[in-house]
Amino acid sequence: MSTYAIGDIQGCHRPLKKLLRKIGFTPGADRLWCVGDLVNRGPKSLETLRLLADLDDSLTIVLGNHDLHFLAVHEGCAPMRRKDRLRELLAAPDCGELADWLRRKPLAHCETIDTESGPRPHLMVHAGFAPDWPLGKILALAQEVETALREKPRKFLSRMYGDEPSLWDDRLRKWRRLRAITNYLTRIRFCDAEGRLRLDLKEGVDSAPPGYEPWFRWQRVSREADIVFGHWAAIGGVTGVDRVHALDTGCVWGGTLTAMRLEDGRRFSVPY
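Residues numbered from 1 in each chain as written. Predicted model: local features only at pLDDT ≥ 70, side-chain atom pairs only at ≥ 80, totals over all residues. Heavy atoms only, no water.

Sheet architecture is open: five strands sit in the order β3-β2-β1-β11-β12, paired in mixed fashion. Looking at strand neighbours, the two that pair on one side only are β3 (59-61) and β12 (267-271), the edges of this open sheet. Between one strand and the next, the sheet's axes are offset by a mean angle of 20°, whatever the strand orientation. Pairing of strand β2 (residues 31-34) with β3 involves three bridges; the strand directions are parallel. Its bridge partner lying in β3, L32 is registered against L59. Sitting on the sheet, helix α1 (residues 13-23) is in contact with β1 (3-6), β2, β11 (256-261) and β12, with an inclination near 140° to β12. (Pairing = 2+ DSSP bridges. Helix = DSSP H or I, 4+ residues; strand = E, 2+ residues; numbered from the N terminus. Axes fitted to C-alpha atoms, helices over the stretch in contact; angles between N-to-C directions. Contact = heavy atoms within 4.5 Å.)

The next thing to look at is a positive patch on the surface. Taken together, the side chains of R81, R82, K83 and K202 make up a positively charged region of the molecular surface. Position of R82 among the secondary structure elements: in the loop between α3 (65-74) and α4 (87-91). (Patch = residues over 30% accessible without salt bridge, like charges linked within 9 Å, V, L, I, M, F, W, Y side chains within 5 Å. Areas by Shrake-Rupley, 256 points an atom, 1.4 Å probe, with all protein chains shown as cover. Salt bridge = Lys/Arg side-chain N within 4 Å of Asp/Glu carboxyl O. Lys, Arg positive; Asp, Glu negative; His and termini not counted. Charge placed at Lys NZ, Arg CZ, Asp CG, Glu CD.)

By size, the foremost hydrophobic cluster in this structure holds 83 residues, and its most contacted members are L52, F70 and F129. Residue contributions to this core peak at seven residues, all from helix α6 (residues 135-151). In this structure F70 touches V39, L49, L86, L89, L90, C95, A99 and L102, once residues within four positions along its chain are discounted. Of all hydrophobic cores here, the second largest spans 10 residues; its members include A5, V35, V62 and V228. (Core = buried A, V, L, I, M, F, W, Y, C linked by side-chain atoms within 4.5 Å. Buried < 20%, exposed > 50% of the residue type's maximum accessible area, 1.4 Å probe, protein only.)

Moving on, we come to the pattern of salt bridges. Counted according to the given criterion, the structure contains 18 salt bridges. Among the salt bridges present, the one from D84 reaches R41, with a minimum N-O distance of 3.6 Å. With D84 in the loop between α3 and α4 and R41 in the loop between β2 and α2 (45-54), the pair connects residues that are 43 residues apart, well separated along the chain. The buried category is assigned to D84, whose relative accessible area is 10%. Here D264 ties to R261 by a salt bridge, and the two come within 2.8 Å at their closest N and O atoms. Salt bridges here are not isolated pairs; linked through shared partners, they connect D100, R103 and R104.

Bringing the pairing of β12 into the picture now. On β12, burial follows the alternation: F268 and V270 on one face are buried, whereas R267, S269 and P271 on the facing-out side are not. The sheet contact formed by β11 and β12 spans five bridges and is antiparallel. Across the sheet, the residue bridging to T258 is S269, located in β12. Once β11 ends, the chain turns through five residues before running back antiparallel as β12, passing G265 with a positive phi of about 80°.

Here we take up the packing of α6 against helix α8 (residues 174-187). The contact between α6 and α8 brings their axes to 10 Å, and the two run at 120°. Taken together, α6 and α8 sit at an angle that is classed as oblique. α8 is crossed by α6, and the crossing has left-handed handedness. Where α6 approaches α8, its residues I138, L141, A142, E144, V145 and A148 are matched on the opposing element by R177, L178, I181, T182 and L185. In terms of residue class, the contact of α6 with α8 is built from eight nonpolar, one polar and two charged. (Parallel < 35°, antiparallel > 145°, perpendicular 65-115°, else oblique. Left-handed = near helix turned anticlockwise from the far one by under 90°. Nonpolar A, V, L, I, M, F, W, Y, C, P; charged D, E, K, R; others polar.)

Spelled out as structure tokens, the structure:
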């Protein structure tokens, strides 16, 4: 059995099918991890969700910001944006079923993988996390959002938008707390040593202002677990940090869709 982690699909249904053929993915024998942003910017979000839902028994997903945005639009908690490509999905007869399936997925997942060098935990998130969050705290905070999304979806989805608070504080409460957790797990790229977010910055690592770095340069979790994430196409799948694996290689922007086999770290890519 092999476990393949795949980068941001964003509705690129045809490249997804090509990539699954290239890696020889076998449902029931292999497992597929998806780092989130399954939908929206590409042309075939509906087909993408249907394919993945059919693979659910062999699939592990964490939610990305675009997935949460789709759920908010579906629930009437947010308007469509100019660049959204969700109309076909929202009009589909099985949209409600797919949305219900998606909103029950986690924001973080950790599992021990038997690698060539021995068993090692692998943490998957969509974007990243705060510098001082240890592994257990990441999973616990993610679970707070997951519970709200399952039990009070409309209340959470209508309050999750916004860039504040920009700095994590354990004393945060209610919707500000849930919004901050969501922003770290699904939107972070740059932060300072304290974890203060700059969510307006979306370019490569060299665009950081003084005092700010890519979040993965501050973190310490990779000492105990490999980290798998997406979200940041501008870095081209390269972090320069040991055991931190970026998998968004910009398929929807004309790049490639990439999967990494967790057991040996080998990467496989197909063009858009």
